[in-house]
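Chain and residue survey
Here is how the chains run, residue by residue.
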Amino acid sequence: MLAYISDNPDKNNSYQFKMLDVINCGQPKKFIDVLHQFFTNIPYNIQDKLEIEQAYQIILHTVFVYLGINVESECITNNGRMDILIK
């Protein structure tokens, strides 16, 4: 995966850059930390309007697509269903 580093330091500190960086470095726990930071910026008063699990699943799916990562949602297996599968 190719990551772009901008001359603009604000872009290098974006969620997109941080997520791609930790994914490319193979640091899933740090990726979860960045996702947590991302989600804490969503105002609580708009979270009440949707089923919370579905809203987060949509956001996660969209984030992975935006990052250029191959992702599938609602994958059925012989052991049940996965909310999100990252390939």
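For the structure itself, look to the data block above.
Anyway, here's the lowdown on the structure attached to this text. The model shown is predicted, which means the values in this text are computed figures rather than measured ones. (Residues numbered from 1 in each chain as written. Predicted model: local features only at pLDDT ≥ 70, side-chain atom pairs only at ≥ 80, totals over all residues. Heavy atoms only, no water.)

Structural notes on the overall build of the protein
- The helix and strand inventory of the protein stands at five helices and two strands.
- When the helices and strands of the protein are placed in sequence order, the string is α-α-α-α-α-β-β.
- The burial tally for the protein puts 21% of its 87 residues in the buried class.
- Sequence separation of at least 24 residues holds for 24% of the intrachain contacts in the protein that already meet a minimum separation of 6.
- Surface exposure of the protein reaches about 6700 Å², of which carbon and sulfur atoms provide 56%. (Helix = DSSP H or I, 4+ residues; strand = E, 2+ residues; numbered from the N terminus. Buried < 20%, exposed > 50% of the residue type's maximum accessible area, 1.4 Å probe, protein only. Contact = heavy atoms within 4.5 Å. Areas by Shrake-Rupley, 256 points an atom, 1.4 Å probe, with all protein chains shown as cover.)

With respect to the layout of surface pockets
- Empty space within the largest pocket amounts to approximately 220 Å³.
- For the lining of the largest pocket, the element with the highest residue contribution is helix α5 (residues 52-66), accounting for six residues.
- Here the lining of the largest pocket is composed, by residue class, of twelve nonpolar, one polar and two charged. (1 Å grid on protein atoms, 1.4 Å probe; cavity = no way out; pocket = protein on both sides within 12 Å on 5 of 7 lines; lining within 4 Å. Points joined across faces, edges and corners; volume = space filled by probe spheres on them. Nonpolar A, V, L, I, M, F, W, Y, C, P; charged D, E, K, R; others polar.)

Concerning the nonpolar core
- Ranked by size, the top nonpolar core spans twelve residues in total: Met19, Leu20, Val22, Phe31, Val34, Leu35, Phe39, Val63, Phe64, Leu67, Ile69 and Val71.
- When contributions to this core are tallied by element, the ones reaching two or more residues are α2 (15-24), α3 (28-40) and α5.
- A per-element tally of this core places α3 first, with four residues.
- Those residues within four positions of Phe64 in sequence are excluded, and the remaining contacts are Phe31, Ile69, Val71, Ile84 and Ile86. (Core = buried A, V, L, I, M, F, W, Y, C linked by side-chain atoms within 4.5 Å.)

Let's talk about the pairing of strand β1 (residues 71-77)
- Bridge count for β1 against strand β2 (residues 80-86) is six bridges, and the pairing is antiparallel. Within β2, the position partnered with Thr77 by the bridge is Gly80.
- The turn joining β1 and β2, which pair antiparallel and follow one another in sequence, is formed by two residues. (Pairing = 2+ DSSP bridges.)

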